[in-house]
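One-letter residues, chain by chain:
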Amino acid sequence: MLATIAMKSLAAQIFLLLVPTATFARDDGRYANSPLKPWFESLQSEFGKCCEESDAYVVSEPDWKSDHGQYRVRIDDEWVLVPDDAIIKQPNLAGRTMVWKHYIDGHPRVRCFIPGSMT
């Protein structure tokens, strides 16, 4: 019974982490007890640490595509090619597709991208 309660509690915590669109960047202490906090802090692409300069956004199914190993993501109604160097190559513990963006000349660019688990 305690194991069932603990599993439900963990599932509820993970669900609450995934509900907001923006997560974990510039942590103000809200996620100090999150079981995924160290994982989020460890994420990096070839462009550097993901959570250091921008927010992570959960990307819904219609807003990202994969074609022959090349990803594209819709950010601010603009389709953006995900550079190979932006792809995070470790397992996605959060399960949802996420992107960390920045802007160049007013256009969105991808700093980090992690595809969802598709389960």
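Residue numbers here run from 1 along each chain, matching the order of that chain's written sequence. Note on the predicted model: pLDDT of at least 70 is required for a residue's local features to be given, and 80 or more for side-chain atom pairs to be given and counted; whole-chain, interface and lining totals, by contrast, use all residues. The side-chain values count all of the structure's non-hydrogen atoms but skip hydrogen atoms and water molecules.

### Observations concerning the environment of A86
Heads up, the condition is: Numbering of helices and strands starts at the N terminus; helices are DSSP runs of H or I of at least 4 residues and strands are runs of E of at least 2. Here's how the labels work: a residue is buried when its accessible area is under 20% of the maximum for its type, exposed when over 50%, partly exposed in between, all with a 1.4 Å probe on protein chains only. Only heavy atoms matter for contacts: two residues are in contact if any of them lie within 4.5 Å across the pair.
Secondary-structure assignment places A86 in the loop between β7 (78–81) and β8 (98–104). Judged by its relative accessible area of 0%, A86 falls in the buried class. Spatially, the C-alpha atom of A86 lies 9.8 Å from that of R109, the residues being 23 residues apart in sequence. A86 has contacts with S45, F47, V110, R111, C112 and F113, leaving out every residue within four places of it along the chain.

### Observations concerning the pattern of salt bridges
We count it as follows: Salt bridge, as used here: a side-chain nitrogen of Lys or Arg that lies within 4 Å of a carboxyl oxygen of Asp or Glu.
Applying the stated criterion across every chain, the model contains three salt bridges. Put simply, E41 and K37 hold a salt bridge, and the shortest N to O gap is 2.4 Å. Of this pair, E41 and K37 both sit in helix α2 (residues 37–42), four residues apart, roughly one helical turn. A residue is classified by how much of its surface remains accessible, and E41, at 44% relative accessible area, is partly exposed. Close ionic contact of K101 with D76 constitutes a salt bridge, the shortest N to O distance being 3.6 Å. Within this pair, whereas K101 is found in strand β8, its partner D76 is found in the loop between β6 (70–75) and β7, the two being separated by 25 residues in sequence.

### What about the confidence of the model for the protein?
What counts, and what does not: Confidence of the predictor at the level of single residues is captured by pLDDT, which takes values from 0 to 100.
When pLDDT is averaged along the protein, the result is 79; 72% of the residues meet or exceed 70. In the model, residues 1–25 has pLDDT below 50 throughout and makes 28 contacts with residues more than four positions away in sequence or in other chains.

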